[in-house]
Amino acid sequence: MRKYNTITFASLQIYLFYFKSMRLSQLKDGDEGFITKVRGRGAFRKRITEMGFVKGKKITVIRNAPLKDPIEYNIMGYEVSLRRSEASLIEVITQEEAKSLVINKFNGVITESTLKTTARQKSKEIHVALVGNPNSGKTSLFNLASRSKEHVGNYSGVTIDSKTAQAKINNYTLNITDLPGTYSLSAYSPEELYVRKYILGEMPDVIINVVDASNLERNLYLSTQLIDMDVKVVIALNMYDELRKKGDEFDFESLGKMIGIPIIPTISTKGFGIKDLFKKVIDVYEDKDPIVRHIHINYGKDVEQSIRKIQNVIWENKRITDLVSSRFYSIKLLEKDASAHFSLSKWENYETIKDISDKEIKKLESLIQEDSETIITDAKYGFIAGALKETYKGNVHTRRRKTEQIDKIITNKFLGFPVFIFFLWFMFQSTFFLGQYPQQWIEALVGLTGDSIGKIMTDGPLKDLLIDGIIGGVGGVIIFLPNILILFFFISLMEDTGYMARAAFIMDKIMHKIGLHGRSFIPLVMGFGCNVPAIMATRTIENRQNRILTILINPFMSCSARLPVYVLIISAFFPNRPGTVLFSIYMIGIAIAAMVAILFKKTIFRSHEIPFVMELPPYRIPTLRNTTRHMWFKGVQYLQKMGGVILVASIIIWALGYYPREINYSTNYDEQIEQLQKSKSSDTKQKIEYLTSQKNSERQAKSYIGQIGHFVEPMMRPLGFDWKMSVSLLSGVAAKEIVVSTMGVLYQAGENETESLVYKLQTEQNKEGELVFTPLIAFGYLMFILIYFPCVATIAAIKKETGHWKWALFAVFYTTFLAWFLSFIIYQIGSLI
Amino acid sequence: MQEIIVYILIAGSVFYAVYHIAGIFFKKQNHCGGCSSCVVKEKLK
């Protein structure tokens, strides 16, 4: 490529005129051309460039298919076929076109070298569009750039003029089009509609978004819409002198890094920064600017779900997404944008798209009790507020006074963190105390069901399975449903009010200290619900290393599946301050996550973080409907788990404990019991109970599960865990609730079923007559549950999200080792005290 | 009779457990919209 720069043709004067370039689809069979530009976007652009369709490459048309679609091409020695619509997005230069461009010292022969040089020159022609609010200084910037040499062009179908001019810098020609000033890209006014159509239809290579530095919040609203459109943008921070005069501090470089758009300060009236701006445009055009990346503005969980659903149907028609971002269209449809409907109406699956978007709008409006357009506008302003809070110190006149006033307390430097900690403490305290009443009712119901079955059914394995396996196992877990619902009530409250975003904001500084961004905190808090969606939520973190790190520490966030185990053990062994103990376990989990993050950041993941905007959406009063919906959804999910995986696991655990039936007992218990029954002494009843218990104990120990338990017990003995505890941990690998159901099956089998599991855990004795559980062992056990092996679903999620088994396996081993090590320290040191 | 029902339940449970765990690992991944955000992520991989 380089050698063509040095040949004689490089000295040719080439005049580039602004005209509609030839597209690849216009070439005929056998024609040759050189690629000058690849338009289009997203997956199409990625695929096409990977196939070798890059600037300066020679391409030959082999043949058009009988119906003129697709077209077969030869590029870099191999043959590919493209749809006509795809080929129309690739600009080429042909011999004829090159002749018309090369007008000086031309020797009459257009060789391949000439063509290639011309193609390279032509690819240095950048189509730039100027977009900005009215009175943002856009036109003065344009005039300065064009030195008032602009010509006015009328565009068909609209009455609005848009001016085009040329600027030359560093061998590049910038064809700058000044578009009408708009506050937004909604299709309300002709100007807005025009600007939007221009950007989507003409596909400028780079957009200069002129932002009035003295009114950032309002001006950046338009920028958020450009972000949604997924187009190349450079922000001209115009009237920068006014911002400086006010004494405001604005870290525009950080903001640029956060939003993935370079920001160049300019003073268009004085010509300040214009050259830098154009140089930046060239860098962005050539994909040389390191901070350019496409980000997604987070519209909140519900809106994001709706966007995803609409995107799914839009994606069915790849030809739409080759041109326009499916996310942009989805957002516009949610905003009830008539123009978006009009644009999509020509596609065959429009009716489905429309149906789904209408359904999603209805759902969102009923959930949030706001007009869908307002919801999206609020989220955009939330994004801007978050971005400016981190980068701008000045008098930002927001339209959200109430939100600001609340934020003064909630995100206050000194109060923010204590308020957050108090809220978490209150949440766990309530989970425990409010939950205990309905928990007792369900427990009574479960006991009653067991008794009734015991009375109705004749003795046999099915009766044992129902009472010991299913009621003991599933019943042991189901009683914690109220606790789960209460926890989810609070999580939903945090999300719906907008407090969750503030929590991330408050935690930002701490997260920075551990090498992560505050944004990583959202997936971590989500981990309190379930680690699987939390791991999926890390997709918003673009830095891959930070993402993997967040994924790896996520299992330390106690998911709701672990809550039943905590509540059971805490009820049994820490009854005095259960809420505080529960809170401290969650806090220990967070502390371990932080320590592990610091360790990993210093050893495995050493990359620098990419800044992000922390959205601060306005506060909202949560609707009862939305909160109950979240709780209902979680309740249904929990019950489904009971009826599925927990039930199945309980049956398997029971079967492993029930079989084999033929056991060689160490002593003949039946004979001893028979003799005792005949003797009729005063303590006969107690002795018979003891012998029966011993027999059951030995039978269980020699069952399949007992054998497994005894196999793993030596590894767990240094932690103070017996074989039943070890087996329960092992079964918890499938799902953490199964720890409780396994305990329910193992500790309750064959004995007095009316006694609660809590009582049985408190009184369980080993062969030596010592208590199996002491508060020390129970605490070590809680720690083990907190840290060890994330469940199978989490492991699968880690594998899927990181794309490698190695991270999934790493998560399995390092968490289990850490759990063992900490429980060992707790038990061994605790035993010495 | 009870014995037979129990055996069927156990066999069903084992089958469900295997199916469930396999399902977790082999479930199809979510779509990627192919926007440049995903492209960047792909490149970072």
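Residues numbered from 1 in each chain as written. Chains lettered and ligands numbered in written order. Predicted model: local features only at pLDDT ≥ 70, side-chain atom pairs only at ≥ 80, totals over all residues. Heavy atoms only, no water.

Asker: Give a detailed account of the overall build of chain A, specifying residues and quantitative values.
Answerer: Within chain A, the secondary structure is distributed over 37 helices and 15 strands. Counting across all 833 residues of chain A, residues that qualify as buried make up 56%. When contacts within chain A are restricted to residue pairs at least 6 apart in sequence, those whose partners lie at least 24 apart make up 74%. If you sum the accessible surface of chain A, you get close to 36,200 Å²; carbon and sulfur atoms cover 58% of it. (Helix = DSSP H or I, 4+ residues; strand = E, 2+ residues; numbered from the N terminus. Buried < 20%, exposed > 50% of the residue type's maximum accessible area, 1.4 Å probe, protein only. Contact = heavy atoms within 4.5 Å. Areas by Shrake-Rupley, 256 points an atom, 1.4 Å probe, with all protein chains shown as cover.)

Asker: Pulling in residues and values, what's your account of the overall build of chain B?
Answerer: Looking only at helices and strands, chain B features 2 helices and 0 strands. When the accessible surface of chain B is summed, it comes to about 3,200 Å², and 70% of that surface belongs to carbon and sulfur atoms.

Asker: Describe the pattern of salt bridges, naming the residues involved and giving the relevant values.
Answerer: All names here are of chain A. Applying the stated criterion to the full structure yields 21 salt bridges over all chains. Taking the shortest distance from any N to any O, the salt bridge between aspartate 228 and lysine 380 comes out at 2.3 Å. Pair noted here: aspartate 228 is in helix 8 (residues 216–229) and lysine 380 is in helix 17 (residues 372–391), with a separation of 152 residues, a long-range link. Here aspartate 228 falls in the buried class, since its relative accessible area comes to 3%. For arginine 547, the salt bridge goes to glutamate 801, with nearest N and O atoms at 2.4 Å. (Salt bridge = Lys/Arg side-chain N within 4 Å of Asp/Glu carboxyl O.)

Asker: How would you summarise the packing of helix 21 (residues 481–497) of chain A against helix 26 (residues 563–573) of chain A if you had to cite specific residues and measurements?
Answerer: The relative placement of two packed helices comes down to the angle between their axes together with the axis-to-axis distance. All names here are of chain A. Orientation of helix 21 relative to helix 26, taken along the N-to-C sense of each, is 120°, at an axis distance of 10 Å. For the element pair helix 21 / helix 26, the angle class is oblique. For the element pair helix 21 and helix 26, the recorded crossing hand is right-handed. In this structure, helix 21 uses Asn483, Ile484 and Leu487 to contact helix 26, whose residues at the interface are Leu563, Pro564 and Val567. (Axes fitted to C-alpha atoms, helices over the stretch in contact; angles between N-to-C directions. Parallel < 35°, antiparallel > 145°, perpendicular 65-115°, else oblique. Left-handed = near helix turned anticlockwise from the far one by under 90°.)

Asker: Tell me about helix 1 (residues 2–26) of chain B, residues and numbers included.
Answerer: Taking 1.5 Å as the rise per residue, helix 1 of chain B with 25 residues should run 36 Å; its terminal C-alpha atoms sit 36 Å apart, in good agreement. For helix 1 of chain B, the full list of buried residues reads B:Gln2, B:Val6, B:Ile10, B:Ser13 and B:Ile24. Among the structural elements, helix 20 (461–478), helix 28 (624–658) and helix 36 (792–802) of chain A are those in contact with the buried residues of helix 1 of chain B. (Expected span 1.5 Å × (residues − 1).)

Asker: Please provide a residue-by-residue account of the packing of aromatic side chains, values included.
Answerer: Residues and elements named next belong to chain A. In this structure the tally under the stated criterion is 41 aromatic pairs over all chains. Counting every residue linked through ring pairs, the aromatic cluster contains Phe417, Phe420, Phe422, Phe423, Trp425, Phe426, Phe489, Phe490 and Tyr499. Over the aromatic face of tyrosine 658 sits the side chain of arginine 661, whose NZ or CZ is 3.7 Å from the ring centroid. (Phe/Tyr/Trp six-rings, centres within 6.5 Å; stacked < 30°, edge-to-face > 60°. Lys NZ or Arg CZ within 6 Å of the ring centre and 35° of its normal.)

Asker: Please give an account of the confidence of the model for chain A that cites residues and values.
Answerer: Residues and elements named next belong to chain A. Overall, the prediction assigns chain A a mean pLDDT of 81, with 87% of residues at 70 or greater. Between the elements of chain A, mean pLDDT differs from a low of 32, seen in helix 1 (residues 3–6), to a high of 95, seen in helix 35 (residues 775–787). Confidence drops under a pLDDT of 50 for residues 1–19, and excluding neighbours within four residues, the segment shows 42 contacts in the predicted structure. Confidence drops under pLDDT 50 across residues 149–160; counting only partners more than four residues distant or on other chains, this segment forms 21 contacts. (pLDDT = per-residue confidence, 0-100.)

Asker: Give me the lowdown on a positive patch on the surface, citing residues and values where you can.
Answerer: Judged by side-chain charge, A:Lys393, A:Lys413, A:Lys509 and A:Lys513 come together as a positively charged surface patch. Within the secondary structure, A:Lys513 sits in helix 22 (residues 499–513). (Patch = residues over 30% accessible without salt bridge, like charges linked within 9 Å, V, L, I, M, F, W, Y side chains within 5 Å. Lys, Arg positive; Asp, Glu negative; His and termini not counted. Charge placed at Lys NZ, Arg CZ, Asp CG, Glu CD.)

Asker: Give a detailed account of the state of the cysteines, specifying residues and quantitative values.
Answerer: Residues and elements named next belong to chain A. According to the stated counting rule, one finds 0 disulfides over all chains in the structure shown. Of all cysteine sulfurs in the structure, the one in cysteine 559 sits closest to cysteine 530, which takes part in no disulfide; the separation is 6.2 Å. Take cysteine 530: its relative accessible area is 28%, and that puts it in the partly exposed class. Classification of cysteine 559 as buried rests on a relative accessible area of 8%. (Disulfide = S-S within 2.5 Å.)

Asker: Run through the environment of A:Tyr586, naming residues and quoting values.
Answerer: Residues and elements named next belong to chain A. Along the chain, tyrosine 586 falls in helix 27 (residues 578–603). Residue tyrosine 586 is classed as buried on the basis of its relative accessible area of 1%. Distance in space between the C-alpha atoms of tyrosine 586 and phenylalanine 556 is 8.6 Å, their sequence separation being 30 residues. Those residues in contact with tyrosine 586, other than ones at most four positions away along the chain, are Phe428, Leu487, Phe528, Ser558, Cys559, Leu563 and Tyr566.

Asker: Quick one: what's the story with the pairing of strand 10 (residues 172–178) of chain A, residue by residue and with numbers?
Answerer: Walk down a regular strand and you will see the side chains alternate between the two sheet faces. Residue and element names in this part refer to chain A. Summarising burial for strand 10: 7 of the 7 residues are buried, a large majority. Across the two faces of strand 10 the burial is the same, with Tyr172, Leu174, Ile176 and Asp178 and Thr173, Asn175 and Thr177 all buried. Pairing analysis gives 6 bridges linking strand 7 (residues 125–132) to strand 10, with the strands arranged parallel. Its bridge partner being in strand 10, leucine 130 is matched across the sheet by aspartate 178. (Pairing = 2+ DSSP bridges.)

Asker: Can you tell me about unusual backbone geometry, naming the residues and giving the values?
Answerer: Residue and element names in this part refer to chain A. Residue proline 660 is bonded to the preceding tyrosine 659 through a cis peptide linkage, with omega at -5°. Checked against the element boundaries, proline 660 lands in the loop between helix 28 and helix 29 (669–679). The backbone of asparagine 170 sits at a positive phi, close to 45°, despite the residue not being glycine. Position of asparagine 170 relative to the elements: it lies in the loop between strand 9 (161–169) and strand 10. Backbone geometry at asparagine 171 places phi at a positive 70°, although glycine is not the residue there.

Asker: Please set out the confidence of the model for chain B residue by residue, giving values where relevant.
Answerer: For any part of a model where pLDDT is low, the fine detail of the predicted coordinates should not be relied upon. Model confidence for chain B is summarised by a mean pLDDT of 66, while 58% of its residues fall at 70 or above. Listed scores for the predicted complex are pTM 0.62 and ipTM 0.70.

Asker: I'd love a proper account of the pairing of strand 3 (residues 58–64) of chain A, names of residues and values included.
Answerer: Residues and elements named next belong to chain A. One ladder, built from 3 bridges, connects strand 2 (residues 32–38) with strand 3; its direction is antiparallel. Its bridge partner being in strand 3, glycine 33 is matched across the sheet by isoleucine 59. Pairing geometry for strand 3 and strand 4 (residues 71–75), over 5 bridges, is antiparallel. The residue of strand 4 that forms the bridge with threonine 60 is asparagine 74.

Asker: Describe the environment of A:Lys380, listing the residues and the values that go with them.
Answerer: Residues and elements named next belong to chain A. The buried category is assigned to lysine 380, whose relative accessible area is 1%. Through-space distance from the C-alpha of lysine 380 to that of tyrosine 221 is 6.8 Å; in sequence the pair is 159 residues apart. Those residues in contact with lysine 380 that sit more than four places away from it in its chain are Tyr221, Thr224, Gln225, Asp228, Tyr299 and Glu335.

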